[in-house]
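Chain residues, written in single-letter form:
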Amino acid sequence: MSEFNQLYSPLIQSAKWYSVQSWALEHTAHGAWLLESESLSRRLAQYCQHFSVTVLAQTIISNDHLSMMERKLIGNSDCLEREVILYGDQQPWVFARTLIPMTTLSGKEQDLVDLGNSPLGYRVFNTKNSRRDALEVANLGTQQQPRWARRSRLWINDKPMLVAELFLTQSPVYAKENGC
Ligand SMILES: C=C(O[C@@H]1C=C(C(=O)O)C=C[C@H]1O)C(=O)O
């Protein structure tokens, strides 16, 4: 396990998620990021010269290890758990944990197992029949110094997966607030 997983995986798994309506996100710099309904990878790539993904871990986890809410969102199948860091110009910008039910890894989507360091978002949003729903937001920091995270369900050819993303301090999400 890398330092990043040790630190961020438990953090994101214990996040308290709230509906987007619970936060005053409209017309804020961070809100535009948190509410992104298309590919986050594509958006991040516009803010750097070199965008990359590094896989930290990829394992199969039993459905028993999912929270009740995770099960409600993606069902009762065992899952492939994929944890990555998204980098902009070699800076860690986002920690992401994705749960892909084994039932989603069927038909054309069998290749999701072999994504390696290619961004999941490119694969999902390059497919015509894809969408995002069930978006929720958490603040893992304080009110003065927020550390934003979001969780959403992605659908590819009507098959679900659950993506949780933690925006790290160096990400452009905080650029305005940092006065950069
Ligand atoms: C879901 C997207 O893909 C991004 C890339 C991920 C990956 O490669 O594992 C995981 C989460 C996302 O932040 C996206 O671009 O919207």
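Owing to the predicted nature of the structure, the values given are computational and were not obtained by experimental measurement.

Undergrad: What's the story with the site of the ligand in this structure? I'm lost.
TA: Residues in contact with the ligand amount to 18 residues; listed here are only the nearest, Ser39, Leu40, Ser41, Arg82 and Glu165. Between Leu40 and the ligand, the recorded distance is 2.7 Å, taken from a backbone N or O atom to an oxygen atom. Within the backbone of Gly121, a nitrogen or oxygen atom sits 3.0 Å from an oxygen atom of the ligand. Looking at the shell around the ligand, its residues break down into 10 nonpolar, five polar and three charged.

Undergrad: Explain the environment of Trp148 to me, please; I cannot follow it from the model alone.
TA: Residue placement: Trp148 occurs in strand E6 (residues 148–156). Along the chain, Trp148 and Trp33 lie 115 residues apart, while their C-alpha atoms are 9.8 Å from each other. Leave out the neighbours within four places in its chain, and Trp148 touches Trp23, His30, Leu34, Val137, Ala138, Asn139, Glu165, Leu166, Phe167, Val173 and Tyr174.

Undergrad: Even after reading the chapter, I still don't get the side chain of Arg43, so can you show me in this structure?
TA: Inspection of the secondary structure assignment puts Arg43 in helix H3 (residues 40–45). In this structure the side chain of Arg43 is engaged in a polar contact, spanning 2.9 Å, whose partner is the side chain of Glu36. Not counting residues up to four positions away in its chain, the partners in contact with Arg43 are Ala32, Trp33 and Glu36.

Undergrad: Got a minute to help me understand the sheet that holds E6 in this structure?
TA: Sheets are built from strands that pair by backbone hydrogen bonding, the pairs being arranged parallel or antiparallel. Spatial strand order, E1-E5-E6-E7-E4-E3-E2: seven strands in an open sheet with antiparallel pairing. For this open sheet the edge positions go to strand E1 (18–19) and strand E2 (51–61), each flanked by a neighbour on one side alone. Pairing geometry for E2 and strand E3 (residues 79–88), over 10 bridges, is antiparallel. When the sheet's bridge partners are listed, Thr59 is paired in E3 with Glu81. Of the strands in this sheet, E2, E3, strand E4 (91–101) and strand E7 (159–167) are in contact with helix H1 (residues 3–13), which crosses E4 at around 60°.

Undergrad: Honestly, H1 in this entry has me stumped. Any pointers?
TA: In an α-helix, one turn spans 3.6 residues, which is why side chains three or four residues apart end up on the same side. Considered for burial, the residues of H1 that qualify are Asn5, Tyr8, Ser9 and Ile12. For H1, the arc enclosing every buried residue in end-on projection is 110°, short of the 170-degree limit, so these residues lie on one face. Relative to its buried face, H1 has exposed residues pointing more than 90 degrees away, namely Glu3, Gln6 and Leu7.

Undergrad: Please explain the pattern of salt bridges as it appears in this structure.
TA: Charged atoms that come close allow side chains of opposite charge to pair. Enumeration according to the criterion identifies 10 salt bridges in this entry. A salt bridge links Arg43 to Glu36; the shortest N-O distance between them is 2.9 Å. Like Glu36, Arg43 is buried. Salt bridges here are not isolated pairs; linked through shared partners, they connect Glu109, Asp111, Arg123 and Lys159.

Undergrad: How should the pairing of E4 be read in this particular structure?
TA: A regular strand places its side chains on the two faces of the sheet in alternate fashion. Burial analysis of E4 places 10 of its 11 residues in the buried class, which makes it a mostly covered element. Pairing geometry for E3 and E4, over 10 bridges, is antiparallel. Paired with Arg82 across the bridge in E4 is Thr98. Connecting E3 to the antiparallel partner E4 that follows it, the hairpin turn spans two residues, and Asp89 within it adopts a positive phi of roughly 45°. By the bridge criterion, six bridges tie E4 to E7 in an arrangement that is antiparallel. Considered in E7, the bridge of Val94 is made with Phe167.

About the criteria used
Residues numbered from 1 in each chain as written. Predicted model: local features only at pLDDT ≥ 70, side-chain atom pairs only at ≥ 80, totals over all residues. Heavy atoms only, no water. Near = heavy atom within 4 Å. Polar contact = N/O pair within 3.5 Å; in protein donor to acceptor, adjacent residues only side chain to side chain. Nonpolar A, V, L, I, M, F, W, Y, C, P; charged D, E, K, R; others polar. Helix = DSSP H or I, 4+ residues; strand = E, 2+ residues; numbered from the N terminus. Contact = heavy atoms within 4.5 Å. Pairing = 2+ DSSP bridges. Axes fitted to C-alpha atoms, helices over the stretch in contact; angles between N-to-C directions. Buried < 20%, exposed > 50% of the residue type's maximum accessible area, 1.4 Å probe, protein only. Arc of directions from axis to C-beta. Salt bridge = Lys/Arg side-chain N within 4 Å of Asp/Glu carboxyl O.

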